[in-house]
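Residue-level listing of the chains:
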Amino acid sequence: MRTSSRPWCRPVFTQLRRRGLEKHFQATKYVTKRGRLQIGAMLGLSETRVKVWCQNTAETKWRHEAAKKEKKQKEQTSTETMNNCVQKEEVKNEKEKEHGFKKGREQSITDQISNKK
């Protein structure tokens, strides 16, 4: 079991460090050990901190992209379903017109009542 004199705290990255990390991450998604050491030296961070930041950033970006893709796919599916329903209704209406049917059951009941008089 590991014991330490002070509790673990989350590192806070300054705006300058964050920009530097983001710039390098956009240029290369995978940073080699040598690259992590160089970035860490330039920004005053350890190689481990740079590595963990890159891993977390890659995971976050992947998760956001996957969520966007899933949302877009759901929207596309619902739009296709709606279009299919509208198409079926239009086909039904065309068939009714071809065969001389009147729209709706209420209309046919009204016609039956008026014919009995």
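Keep in mind it's a predicted model, so treat the numbers as computed, not measured.

Thresholds, definitions, all that
- Residues numbered from 1 in each chain as written.
- Predicted model: local features only at pLDDT ≥ 70, side-chain atom pairs only at ≥ 80, totals over all residues.
- Heavy atoms only, no water.
- Phe/Tyr/Trp six-rings, centres within 6.5 Å; stacked < 30°, edge-to-face > 60°.
- Helix = DSSP H or I, 4+ residues; strand = E, 2+ residues; numbered from the N terminus.
- Buried < 20%, exposed > 50% of the residue type's maximum accessible area, 1.4 Å probe, protein only.
- Expected span 1.5 Å × (residues − 1).
- Arc of directions from axis to C-beta.

**Some words on the packing of aromatic side chains**
In this structure the tally under the stated criterion is one aromatic pair. Where Phe25 meets Trp53, the ring centres are 6.1 Å apart and the plane angle is 85°; that geometry is what we call edge-to-face. Taken together, the residues Phe25 in helix H1 (residues 15–27) and Trp53 in helix H3 (residues 47–99) connect sequence positions 28 residues apart. Given the relative accessible area of 3%, Phe25 is considered buried.

**Description of H1**
Relative to the 18 Å expected for 13 residues at 1.5 Å per residue, H1 spans 18 Å between its end C-alpha atoms, a close match to the ideal helical length. Residues Gly20, Leu21 and Phe25 constitute the buried set of H1. Take H1 and look down its axis: the buried residues cluster within an arc of 130°, on one side only. In this structure, H1 carries Gln15, Leu16, Arg19, Lys23, Gln26 and Ala27 as exposed residues pointing more than 90 degrees from its buried face.

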